[in-house]
Amino acid sequence: ELFSPSQKYQLLVYHADSLFHDKEYRNAVSKYTMALQQKKALSKTSKVRPSTGNATSTPQSQCLPSEIEVKYKMAECYTMLKQDKDAIAILDGIPSRQRTPKINMMLANLYKKAGQERSSVTSYKEVLRQCPLALDAILGLLSLSVKGAEVASMTINIIQSIPNLDWLSVWIKAYAFVHTGDNTRAINTICSLEKKSLLRDNVDLLGSLADLYFRAGDNKNSILKFEQAQMLDPYLIKGMDVYGYLLAREGRLEDVENLGCRLFNISDQHAEPWVVSGCHSFYSKRYSRALYLGAKAIQLNSNSVQALLLKGAALRNMGRVQEAIIHFREAIRLAPCRLDCYEGLIECYLASNSIREAMVMANNVYKTLGANAQTLTLLATVCLEDPVTQEKAKTLLDKALTQRPDYIKAVVKKAELLSREQKYDDGIALLRNALANQSDCVLHRILGDFLVAVNEYQEAMDQYSIALSLDPNDQKSLEGLQKMEKEESPTDATQEEDVDDMEGSGEEGDLEGSDSEAAQWGDQEQWFGMQ
């Protein structure tokens, strides 16, 4: 009762701010609402009783928290509570002329998430009208299929008026290619930007370049760019989930574990550390744990594509295919230009013998993303499942390998086809050619299988050994090597000339077992609910 109405309003806002920082969002919304009611009452009394000219009232009224700022804070609370409709409603209540750039930016992101693309575009454009150098607004417009030329026209005046800003038009062009799925041109454009002295060693550009190489299936260059970005910024978190996934796929699980620990030391409030740890679990065949970690990542960031893919893959490998399909579809919605999202969904269809659905999806990807080595191989993968379309698969794989002779997935599928046809010599030539300029665990293992088929046992053992040196957890290579050793040992024991060669050859790799994870991980699993 000792406080004036304006002081009560201030105290309610301060209390709500404190609750917000303590993450008590519902309580904060309640206090912000009370503050707005107090402000409304304050406005009414000030209209009824005009100022008497008291000098102290003017500065006090000037320093009162803005009503618009209070509404923005309420919207922030609602987004933290995942009540996006309420957040949109509170911001929509602010007249257009009173909306600040950050309010329009939040509205644009919320509209985009809700699928209201036209409203989202309008809000992003309003941000750019007020702040022509708002790069996030530019990216938002490009992601909503607004033409790069149109976006560039909204920044042309500022580019011409400020020196050393000519790179921005090229930057917009590069990310326009990114969002249309033209990875090759996007890579070339960003590489040309990176060579400019102003943007040399720019961590953000290096991260984008690494991601583009990954999308284009060039994992080697992707890893190199991620490592370069990481050296320049040891606290980098963005994109590290993809980097961790690539390392795990290469069998570098110790590196993945170290990366996960380092990221957790930086922040455990981002999805990336959880995804990296989840990749380590997934490639260690601990699918229940991978599922839990993927769910935790989604809880922190529902827009994390890599977290959705991790959880979807874990569900698929646990036999919960229909649940996995939901996650892959959501990943496609968030990243329609990323081929790995479609690959995950098609693998689910094939696992449930839904070949027709897989074929429809593969054809759609081929038409949408264009005829490149990756889309050709994906379509061929589905064609291989149906005896009627074997010849079509062969034609598609030949086209893919003509475009990119080193594309590992295409080589693997072509080798699979040659194995079915028992054309082992052709398969060996294909694999030797692919391994001439790169070393890959799967290719060495398949070459070992082909060499066994043509009775080249010693070289087959060498190939299995190379595969295991690249990925000690590759079970198929270990099985192939152990099978060879068992078959060779009784025969060679009778041959005196081979005794010396066989000394010590019976050593077996001490491979850590992949026991199923304790039930507690299953109990702790968080479900990803579709809105």
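Given the structure is predicted, the values throughout are model-derived calculations rather than measurements. (Residues numbered from 1 in each chain as written. Predicted model: local features only at pLDDT ≥ 70, side-chain atom pairs only at ≥ 80, totals over all residues. Heavy atoms only, no water.)

Colleague: Provide a residue-level description of the overall build of the chain, including the pertinent values.
Modeller: In terms of regular secondary structure, the chain is built from 31 helices and 0 strands. Every one of the 531 residues in the chain was classed for burial, and the buried ones make up 46%. Once local pairs closer than 6 in sequence are excluded, the contacts in the chain between residues at least 24 apart make up 52%. Carbon and sulfur atoms make up 50% of the accessible area of the chain, which amounts to about 27900 Å² in all. (Helix = DSSP H or I, 4+ residues; strand = E, 2+ residues; numbered from the N terminus. Buried < 20%, exposed > 50% of the residue type's maximum accessible area, 1.4 Å probe, protein only. Contact = heavy atoms within 4.5 Å. Areas by Shrake-Rupley, 256 points an atom, 1.4 Å probe, with all protein chains shown as cover.)

Colleague: Give me the environment of K296: which residues, what numbers.
Modeller: Here K296 lies in helix α18 (residues 287-300). In this structure K296 comes out as partly exposed when scored by relative accessible area, which is 24%. Residues K296 and G278, 18 residues apart in the sequence, show an inter-C-alpha distance of 9.7 Å.

Colleague: So what's going on with the packing of helix α4 (residues 67-80) against helix α6 (residues 101-113)? Residues and values would help.
Modeller: Packing of α4 against α6 brings their axes to within 11 Å, and their N-to-C directions diverge by 25 degrees. Considered as vectors, α4 and α6 are oriented roughly parallel to each other. For the pair α4 and α6, the crossing hand works out as left-handed. Seen from α4, the contacting residues are I68, E69, Y72, A75, E76 and T79; seen from α6, they are K102, I103, M106 and L110. Counted by class, the contact of α4 with α6 contains 6 nonpolar, 1 polar and 3 charged residues. (Axes fitted to C-alpha atoms, helices over the stretch in contact; angles between N-to-C directions. Parallel < 35°, antiparallel > 145°, perpendicular 65-115°, else oblique. Left-handed = near helix turned anticlockwise from the far one by under 90°. Nonpolar A, V, L, I, M, F, W, Y, C, P; charged D, E, K, R; others polar.)

Colleague: Can you break down the side chain of D211 residue by residue, with the values?
Modeller: In this fold, D211 is placed in helix α13 (residues 203-215). Excluding residues within four positions of it along the chain, D211 makes contact with F226 and V242.

Colleague: Break down the UniProt feature "repeat: TPR" (unreviewed entry) in the chain for me, citing the residues and quoting the values.
Modeller: Within this numbering scheme, the UniProt entry marks residues 305-338 and 441-474 as carrying the feature "repeat: TPR" (unreviewed entry). Note that residues 305-338 is 79% helix and 0% strand, and that its end C-alpha atoms are spaced 9 Å apart. Regarding residues 441-474, the helix share stands at 79% and the strand share at 0%, and the terminal C-alpha atoms are separated by 8 Å. (UniProt positions renumbered as here; feature names shortened; annotations may be inferred.)

Colleague: An account of the nonpolar core is needed here, citing residue identities and associated values.
Modeller: Counting 98 residues, the largest nonpolar core has I346 and L431 as its most contacted members. Those residues within four positions of I346 in sequence are excluded, and the remaining contacts are A358, M361, A362, L378 and V382. Counting residues in each nonpolar core, the second largest holds 36 residues, with V121, Y124, W171 and Y213 among its members. (Core = buried A, V, L, I, M, F, W, Y, C linked by side-chain atoms within 4.5 Å.)

Colleague: Mind laying out the packing of aromatic side chains, listing which residues take part and the relevant values?
Modeller: The relation between two aromatic rings is expressed through the spacing of the ring centres and the mutual angle of the planes. Within the structure shown, the criterion is met by 8 aromatic pairs. Summarising the aromatic geometry, the rings of F20 and Y25 are spaced 5.6 Å apart at their centres and angled 70 degrees between planes, so their arrangement reads as edge-to-face. By relative accessible area, which is 16% here, F20 ends up buried. Each residue in the set F282, Y283 and Y287 is aromatic and connected to the rest through ring pairs, giving one cluster. Looking at K39, its charged tip hangs above the ring of Y9, at a distance of 5.9 Å from the centre. Sitting over the ring of Y72, K102 keeps its end group 4.4 Å from the ring centre. (Phe/Tyr/Trp six-rings, centres within 6.5 Å; stacked < 30°, edge-to-face > 60°. Lys NZ or Arg CZ within 6 Å of the ring centre and 35° of its normal.)

Colleague: Break down unusual backbone geometry for me, with residues and values.
Modeller: The backbone of K82 sits at a positive phi, close to 60 degrees, despite the residue not being glycine. Along the chain, K82 turns up in the loop between α4 and α5 (84-92). When its relative accessible area of 45% is taken as the criterion, K82 is described as partly exposed. The phi torsion at D201 lies on the positive side, around 60 degrees, for a residue other than glycine. Inspection of the secondary structure puts D201 in the loop between α12 (183-194) and α13.

Colleague: Hey, could you go over α6 for me, with residue numbers and the actual values?
Modeller: Taking 1.5 Å of rise per residue, the 13 residues of α6 would be expected to cover 18 Å, and the 18 Å separating its terminal C-alpha atoms lies within 8% of that figure. For α6, the set of buried residues is I103, N104, M105, M106, L107, A108, L110 and Y111. Buried positions along α6 lie against α4, α5, α7 (117-130) and α8 (135-143). (Expected span 1.5 Å × (residues − 1).)

Colleague: Kindly report on the environment of S352, identifying the contributing residues and their values.
Modeller: The residue S352 is located in the loop between α21 (339-351) and α22 (355-369) in this model. Considered as a pair, S352 and V321 are 31 residues apart in the sequence and their alpha carbons are 7.2 Å apart. Here C348 takes part through its backbone oxygen, which lies 3.0 Å from a polar atom of the side chain of S352. (Polar contact = N/O pair within 3.5 Å; in protein donor to acceptor, adjacent residues only side chain to side chain.)

Colleague: Describe the pattern of salt bridges, and please don't skip the residues or the numbers.
Modeller: The final tally for this structure, using the stated rule, is 24 salt bridges. Salt-bridge contacts for E250 lead to R252; the nearest nitrogen and oxygen are separated by 3.8 Å. Judged by its relative accessible area of 36%, E250 is partly exposed. Residue R252 is classed as partly exposed on the basis of its relative accessible area, which comes to 28%. We note a salt bridge from R316 to E347, for which the minimum N-O separation is 3.0 Å. Taken together, the residues R316 in helix α19 (residues 305-317) and E347 in helix α21 connect sequence positions 31 residues apart. Judged by its relative accessible area of 17%, R316 is buried. You can call E347 partly exposed: its relative accessible area is 39%. Through salt bridges that share partners, E227, E250, R252 and D255 make up one connected network. (Salt bridge = Lys/Arg side-chain N within 4 Å of Asp/Glu carboxyl O.)

Colleague: Could you give me a rundown of the packing of helix α25 (residues 408-420) against helix α26 (residues 424-434), with the residues and numbers involved?
Modeller: At their nearest, the axes of α25 and α26 sit 8 Å apart, and the two run at 165 degrees to each other. One element, α25, and the other, α26, form an angle in the roughly antiparallel class. Crossing angle aside, the handedness with which α25 passes α26 is left-handed. Two secondary-structure elements touch here, α25 through V411, K414, A415, L418 and S419 and α26 through Y424, D426, G427, L430, L431 and A434. Looking at the contact of α25 with α26 residue by residue, the classes come out as 7 nonpolar, 2 polar and 2 charged.

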